[in-house]
Amino acid sequence: MSDSDERLLDRPIWSALTTSQKHLAEGGPRALRYPLDMTPFADMVDMSAASFAALGDLLSGSQVAALFTPEPVVVPAGFKVVLAETGEQMIGSPADSRLRDAEIVTLGAADVPAMMALTELTKPGPFALRTHELGTFLGIRAGGELVAMTGERMKPGNFVEMTAVCVHPDHRGRGYAQALLAAVARQIEARDEIPFLHVFSSNASAIALYQRQGMRIRRRLHVTVLTKQE
């Protein structure tokens, strides 16, 4: 399977942690996860009891593991499902979108408090203290405040996931999300990589936005967040 084979996206977390981001992988041959201060994403080589046991060994206390899988996850005894939803995996090159009244800037470690505050307000998905280390994050400021951002997260093979697409409620309707998404996609393509993203199936407005920008739904994935039963 080549690094540009779309089948890598069927299990994006496992694929990322065994290809481009294997240096970040924690675990062993049956279960892998990212460092928790980056993201709670994890996956297993299969859904066997042995693999679930290996995943359980990676979790302590109330820690959670978030899985993206092609089929629903049926958890064995000893685990509890915290969330079970479906998401659309979309792939393609978002059309360029220019801004007239704002500048796109690259975000770094000094911006982490502002990034955490924005994601806490807008809830685009898990975002932790070291999430920004997974790839380049771009943002827009207004009055010195970070009001919009988007960046890179999972990297299965030559594919790069665009993530944390969020805009402060007071600054929506100005095209910030479209412009940031296009800018992140351009930087991915400049490296001869392929952009993709995930969005909950229930988020019809975001799906429509991405489709208008030229992205297509590749497939539906199951998003399962689980923890060990106390």
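Residues numbered from 1 in each chain as written. Predicted model: local features only at pLDDT ≥ 70, side-chain atom pairs only at ≥ 80, totals over all residues. Heavy atoms only, no water.

Section: the pairing of strand β10 (residues 194–200)
What counts is decided by this rule: Using a 1.4 Å probe on the protein chains alone, a residue whose accessible area is under 20% of its type maximum counts as buried, one over 50% counts as exposed, and one in between counts as partly exposed. Counting from the N terminus, the helices are the DSSP runs of H or I reaching at least four residues and the strands are the DSSP runs of E reaching at least two. Each pair of strands is called paired provided DSSP finds at least two bridges between the two strands. The definition of a right-handed crossover adopted here requires that, viewed with the strands pointing away, the path from the first strand over the helix to the second runs clockwise.
Among the seven residues in β10, five count as buried, and that is most of the element. Judged from the five bridges that link them, strand β5 (residues 79–91) and β10 form a sheet pairing that is antiparallel. Across the sheet, residue Q89 finds its bridge partner in β10, namely H198. Sheet topology note: the strand β9 (residues 159–167)/β10 ladder contains four bridges and is parallel. Opposite M162, over in β10, you have L197 as the bridge partner. After leaving β9, the chain enters helix α4 (residues 176–190) and then returns to the sheet as β10, a path that is right-handed.

Observations regarding the sheet that holds strand β7 (residues 137–142)
As a reminder, the rule being used: Axes, fitted as lines to C-alpha atoms, cover a helix only where it is in contact. Angles between the N-to-C directions of the axes lie from 0 to 180 degrees. A contact between two residues is defined here by any heavy atoms of the two lying within 4.5 Å.
Pairing is mixed in the open sheet, where eight strands are placed in the order β4-β11-β5-β10-β9-β8-β7-β6. In this open sheet, the two strands that pair with only one neighbour each are β4 (64–69) and β6 (104–107). Adjacent strand axes in the sheet meet at a mean angle of 30 degrees when their direction is disregarded. Of the strands in this sheet, β6, β7, β8 (145–152) and β9 are in contact with helix α3 (residues 112–122), which crosses β8 at around 90 degrees. Across the face of the sheet, helix α5 (residues 204–212) comes into contact with β5, β9, β10 and β11 (216–228) while running at roughly 160 degrees to β10.

Looking at the packing of aromatic side chains
Which entries qualify depends on this criterion: In summary, the pairing rule links any two rings of Phe, Tyr or Trp, Trp by its six-membered ring, whose centres are within 6.5 Å, and it sorts them by plane angle into stacked for under 30 degrees, edge-to-face for over 60 and tilted for everything else.
Per the stated rule, a full pass over the model turns up four aromatic pairs. Between F127 and F137, the ring centres sit 5.7 Å apart and the planes meet at 85 degrees, which makes this aromatic pair edge-to-face. Of this pair, F127 sits in the loop between α3 and β7 while F137 sits in strand β7, and the two are ten residues apart along the sequence. According to the relative accessible area criterion, F127 is buried, its value standing at 13%. Consider the rings of F159 and F196, whose centres lie 6.5 Å apart with planes at 85 degrees: the pair is edge-to-face. Of this pair, F159 sits in strand β9 while F196 is found in strand β10, placing the two residues 37 residues apart along the sequence.

Focus on the sheet that holds strand β2 (residues 31–33)
Taken together, the three strands give an open sheet; going across it, the order is β1-β2-β3, and neighbouring strands pair in antiparallel fashion. Strand pairing shows two members of the sheet lacking a second neighbour, β1 (26–27) and β3 (42–44), which therefore form its edges. Here β1 pairs with β2 via two bridges, running antiparallel. If you follow G27 over to β2, its bridge partner there is L32.

Let's talk about α5
How we decide: When we speak of the arc, we mean the arc of directions from the helix axis to the C-beta atoms.
Those residues of α5 that fall on the buried side of the exposure criterion are A206, I207, L209 and Y210. One side of α5 holds all its buried residues, which, seen down the axis, span an arc of 160 degrees. Across α5 from its buried face, at more than 90 degrees, point the exposed residues A204, S205 and R212. If you follow the buried residues of α5, they end up packed against β5, β9, α4, β10 and β11. Looking at the residues trailing α5, positive phi occurs at G214, about 105 degrees.

Observations regarding the nonpolar core
Inside soluble globular proteins, nonpolar side chains tend to come together where they are buried. What counts is decided by this rule: Only buried Ala, Val, Leu, Ile, Met, Phe, Trp, Tyr and Cys residues count toward a nonpolar core, and they belong to the same one when joined by side-chain atoms within 4.5 Å.
Within the largest apolar cluster, 22 residues are counted, with the highest numbers of intra-cluster contacts made by M90, M162, L197, V199, Y210 and M215. Contributions of two or more residues to this core are made by β7, β8, β9, α4, β10 and α5. Sorting elements by how many residues they give to this core places α4 first, with seven residues. Setting aside residues up to four positions removed in sequence, L197 forms contacts with E88, Q89, M90, E161, M162, L181, Y210 and M215. Counting 16 residues, the second-largest nonpolar core is a separate cluster that includes I13, Y34, L221 and V225.

Things to note about the environment of A65
On the secondary structure map, A65 appears in strand β4. With a relative accessible area of 1%, A65 lands in the buried category. Sequence separation of A65 and D43 is 22 residues, and the distance between their C-alpha atoms is 8.1 Å.

Focus: the environment of R130
Relative to the assigned elements, R130 resides in the loop between α3 and β7. With relative accessibility at 27%, the residue R130 sits in the partly exposed group. Separated by 83 residues in the primary sequence, R130 and Q213 place their C-alpha atoms 29 Å from one another. Once residues lying within four places of it in the same chain are set aside, the contact partners of R130 are P35, D37 and M38.

No statement about biological role is implied by the geometric values presented.
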